[in-house]
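This is what each chain is made of:
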There are 2 protein chains.
Amino acid sequence: MTDIESVQKYIEEHQERFQRELVELLQIPSVSTEPSCKEEVARAASWVADNLRKAGLEVEVVETEGHPIVHGWWSGAPGQPTALVYGHYDVQPPEPLEDWVSGPFEPTVRDGNLYARGATDDKGQMFTHMKSVEAWIQATGSLPINLHLVIEGEEEIGSPHLPAFLESRRADLTCDCAVVSDTAQFAPGMPAITYGLKGLTFYEVTLTGPQRDLHSGVYGGAVGNPANNLARILADLLDEEGRIQIPGFYDDCRPLADWEREQFAALPFDEDGFREYVGMDALFGEEGFSTLERKWARPTCDINGLTAGYQGEGAKTIVPSKATGKVSFRLVPDQDPEAIAAAFCRFVEERVRPGVRCEIDSHTGCRAVLVPVDSAYCQAAVRAIEQGFGTPPVFIREGGSIPIVESFKSILEVDTLLLGWGQNDDNLHSPNEKFSLADFEKGTRTSAHLWQELARRE
Amino acid sequence: MTDIESVQKYIEEHQERFQRELVELLQIPSVSTEPSCKEEVARAASWVADNLRKAGLEVEVVETEGHPIVHGWWSGAPGQPTALVYGHYDVQPPEPLEDWVSGPFEPTVRDGNLYARGATDDKGQMFTHMKSVEAWIQATGSLPINLHLVIEGEEEIGSPHLPAFLESRRADLTCDCAVVSDTAQFAPGMPAITYGLKGLTFYEVTLTGPQRDLHSGVYGGAVGNPANNLARILADLLDEEGRIQIPGFYDDCRPLADWEREQFAALPFDEDGFREYVGMDALFGEEGFSTLERKWARPTCDINGLTAGYQGEGAKTIVPSKATGKVSFRLVPDQDPEAIAAAFCRFVEERVRPGVRCEIDSHTGCRAVLVPVDSAYCQAAVRAIEQGFGTPPVFIREGGSIPIVESFKSILEVDTLLLGWGQNDDNLHSPNEKFSLADFEKGTRTSAHLWQELARRE
C-alpha cells in the first residue's frame, strides 16, 4: 500500500469520528462580533489547538488584542515546499433565529447535509485540512511537505489582527503558497478553483447644503439642494449601457483572455435560475458582456446606500440640509484602488454645485487578485481535485473580495489557492447554513492528495 | 368723531388688554398633531369662541372628526359686501424644547416682541382681526360690512376637515373675498400684500430591484441596482442650469409680467443676508432669473428625501433591494398639477431599467394662486394698510402653497387677500417663535380700516 493509499484508507475509516468532531466544533457559538461570546470564541480556539496537537502538529495559540490565532505547524520535510493553510473558527451571528429549522448551534443532518452556523463558513471547510493532516501523520508518520495552519477567530469582523501577525512572523511563515477553502464549487459535482477575485474601493459622499432643512416653497429653487446634487453626481457615474464614466477608469483593466471567455461560456450557468434567485424579471449590466463575465471579471459600481432629508411616511416638502451616498466599486486585476480613488474624488468634486459643500470618506479597500492557473501549485491542486472529486476542477473567478488573500501576496509574497468545497446554496451568513457531508469527505480526500501533489510539483 | 376714529381710539385704549388676552390664548398648548393635546386644542377653540361672543358676534363651535372649527359671524350690514376671515388656533409642536429661551407656552416679552409658540402662526395674527371686530362693535355698535370668521384647529395638520365644512355651508358662507393673515411683511416697516402663491405636487418613487439586499461582489454589475436607477431618474429631472427636463413642463407656465420683474427688482432684497441665513457661500438656481424670481415665480423641483440600502456607519457593500425618493414640484399659475403628474410619471417610467419595478405614489397637491392686484378688494386692502402702517404695501409673491386659498377659490369662488403682519425672522415652526407687539397693534388697526375700506370699495 502506498502512503497515499494508507492515508485515504485512514480517512475512510475515521470519517464518522471526523463528523462527530466537526459537530463538537459547530456546537461552540464562536460569534466573533458578539462581545458576550468572547469566552466561547476562546473555547473554539482551544478546541482547534487541541485537535491539531492530537493530529501530531506543534501548536501555539497566539493571543491578540481581539480573538486568538491558532498556529499549527509541521516542519519535518526539509527540502520540500511549504504550504500555509488559512481558515477561521469564528462564525457570523445566527440571527434571525426563528428562520432556522434546527438550532444554529445544534448541528443536525438532513438529506446528507450538516446544518449549523459555520458548517460551510468556515469550520467545516477548514476542518477538511485539519483532518487530512491528521490522516497523513497518523497513517504514515509524516507529511510530504512542510505546513503551517493559521486558523484565526476574526475573519467575520475583517481580520483586524491577522496582517500584524503575518508581518511579525514573516520569517517563520516563509512558504510557497497559501491554501484557503472558504469558497464554493461551481455547482454540485463541479469542483472549482477560484483563480480571480475582484478588488474593492468604497466611498461615502456627504453633500451639505443649507445649514438646516429648509421649506421647499420658501427656499426651493433659490439654493443648491444637496440631494438633487447627489443624484446628479451618482447618476453620472454610469451610462445607460452600464459603463463607468469616470475618466481613465478602464485604462488599467486587464481584459478577459480568450480562454477565459470561452471557459466561462462553456459553464452550465443557469441564467434563469439566477434571475429567479434574485427575484427580478430581467437582468441588467454592462453591454457586451455575459452575466458571468459581469459578475466575475468586469469592474462594477453600485450605490450601497442613500440617506437624505425626510424618510418618514408621507410628504415633508423640504430642501434637505444634507445628502449622503455610499458607493463602492469592484475592481479587476491591474486597477489601482488609489488611482481610482483619486479619479473618483475629482469626478465628484467637479460636479458639486455652487454653495454645496462636499466631503468624501474614502476607503481604498484592496486590489483584485489573479492567480496564475499554470503555476506548479495550481496544477498540483488540479491533480488533487481530480483524484479527490473524481473530476477535474473548472476555473472560475469571484466578484467578491477576500482582503486576506492580498495580505498573503503583499506580506508573504505567495499566491493563494482558493479551493472551495462549498455550494452556492449553502446559506452562508444566512439561516440554515449547511455543508454537504459528501463534500466534507471529498474535500478531506482532496486535501490529502494536495500535500502529495505539492511535493511532486513539476 | 367719525366711526373709524372711535374704533381706532378703542384699539388704542384697550391695547394692553388685547395683549393680555393674546397671552392667555398663547398659554394653551393647542398642538393639533399631538393626540395628548386634544383637550387643550378643544380648550383653545372654546376660548376663541368665548372671545368672539364677548366681542359681539354670533358664534358656533362646529365639531368635526378632528378638532373643532369656530365660526363667528356678523350679518348686520345688509347691502354691504361680506368678507370671510380665515385663521387657525392650532400650533406646531414646540420641540426641540431646549432651544427656547423662554417656554413655548409661557409667553414672554423681550425687545418689543412676544415670544411663544403660535405668536405669529397664527394666534397673534388672526387675533388682530378678532380685536378689530370687537373694536367696531363695541365702539360703534356695528360693523361696516358683513363678516364670517372661520378659525380652525387643524391647519398645521393639513386642514383635513375644512373643505367639507366649506362645501356643506357654501350657501351660508357666501362672501365677496377671503382675508388671511398668516404670512409676513417683506421686511420690518414694509407691509406686503401677497398676491401669488405657488402650487404643489409631490411624489414618492419607489424602485424595487432584487427581492433582498444582495452582496455587491457576487451580484453587482449583473442586476439592475434600484439606487443607481433612482439616482439617474432624479438627476435627469433638472439640467445644470436648473431647468426642469420633463417634456412640456413649462408649456403652461404664466411668465412674469414686466411690472412684476420691475417691482421685484426694486425691493431691497438682501441677497447676502439671505445667503448667510441659509448658511451657504453661494446660491444656485435657474439661469436667467433673480433669487426673488426663483423663490416666488418660477417652478422648482426638489428632492425632499432619499432612502436606500445601508444607512449606518461605515460600509456595507450591497446592491439594495429598494430605493425611494420623495420629490416635489412647486408650480406657477396656469400649470395643471394633474397634467404635471402624468408627465412626471411618464418621465420616470421611461427611465426604469430592465428588471427594476417602479411604484409612484402621486399627490396632485394644489394649483398656484394669483390674485388680481387691481381688484376693488385688493385696492381696499392697499388703502387700509396705508392707514394702519403709515406706508403703502409692496406686492409680493410667495413660494409656498396655502391649499386652503385654493379651496376658497374653488368652493366659495372668491379670491383671498393675504395680508401678513409677521416678519420673515419670526421663527414660525421653530423655537423662539415671536410676533412684534408693534405689528400686532398695526395689524389690528389695519384690520379695522379694512372693514371700512371694503364697505366703500370702488
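One can find the structure itself at the top, above this paragraph.
Novice: How do you make sense of the overall build of chain A when you look at a structure like this?
Specialist: Scanning chain A from N- to C-terminus turns up 12 helices and 18 strands. For 458 residues, the compact-globule formula gives about 23 Å, and the C-alpha radius of gyration of chain A, at 24 Å, lands near that figure. Across its three principal directions, the C-alpha atoms of chain A cover 85 × 50 × 45 Å. Taken across its 458 residues, chain A has 54% of its residues classed as buried. A fraction of 79% describes how many contacts in chain A between residues 6 or more apart in sequence connect residues 24 or more apart.

Novice: Is there a simple way to explain the relation of the copies chain A and chain B in this structure?
Specialist: For the pair of chain copies, the relating operation is a rotation around an axis with a shift along it. For the pair chain A and chain B, the relating rotation is 180°, the translation along its axis is 0.4 Å, and the fit reaches an RMSD of 0.4 Å. Here the transformation between the copies is reduced to the relation of a two-fold axis. Among all residues of chain A, the minimum C-alpha distance to the rotation axis is found for Ala-231 of chain A, at 2.3 Å. Looking at chain A, 100% of its interface residues are interface residues in chain B too, so the copies touch through the same face.

Novice: Help me understand the interface of chain A and chain B in this model?
Specialist: In many analyses, interface size is given as the accessible surface area lost on bringing the parts together. Contact with chain A, which involves 66 residues of that partner, is made by 66 residues of chain B. Going through the elements one at a time, strand S9 (199-208), strand S10 (214-215), helix H5 (226-236), helix H8 (291-297), strand S11 (300-309), strand S12 (318-319) and strand S13 (322-331) of chain A are the ones with two or more residues in the side of chain A that touches chain B. Here the side of chain A that touches chain B gets 9 residues from one element, more than from any other, and that element is S11 of chain A. Taken together, the residues that form the side of chain A that touches chain B break down as 28 nonpolar, 26 polar and 12 charged. Where S11 of chain A meets strand S11 (residues 300-309) of chain B, 5 bridges bridge the pair, whose relative direction is antiparallel. Each residue of the ladder has a partner; that of Leu-306 of chain A, found in S11 of chain B, is Ala-308 of chain B.

Novice: What's the story with the sheet that holds strand S4 (residues 108-110) of chain B in this structure? I'm lost.
Specialist: Hydrogen bonds between backbone atoms are what pair the strands of a sheet, whose relative direction is either parallel or antiparallel. Residue and element names in this part refer to chain B. Here 3 strands make up an open sheet; going across it, the order is S4-S5-S18 and the pairing antiparallel. In this open sheet, the two edge strands, each paired with only one partner strand, are S4 and strand S18 (434-436). Geometrically, the sheet is characterised by an average inter-axis angle of 30° between neighbouring strands, direction not taken into account. Relative to strand S5 (residues 113-115), S4 runs antiparallel, the two sharing 3 bridges. In the strand pairing of S5, Val-109 is matched with Leu-114.

Rules and cut-offs
- Residues numbered from 1 in each chain as written.
- Chains lettered and ligands numbered in written order.
- Predicted model: local features only at pLDDT ≥ 70, side-chain atom pairs only at ≥ 80, totals over all residues.
- Helix = DSSP H or I, 4+ residues; strand = E, 2+ residues; numbered from the N terminus.
- Rg over C-alpha atoms; globule rule 2.2 N^0.38 Å.
- Buried ≥ 20, exposed ≤ 12 C-beta atoms within 10 Å, placed from the backbone.
- Contact = placed C-beta atoms within 7 Å.
- Least-squares fit on C-alpha atoms with pLDDT ≥ 70 in both.
- Nonpolar A, V, L, I, M, F, W, Y, C, P; charged D, E, K, R; others polar.
- Pairing = 2+ DSSP bridges.
- Axes fitted to C-alpha atoms, helices over the stretch in contact; angles between N-to-C directions.

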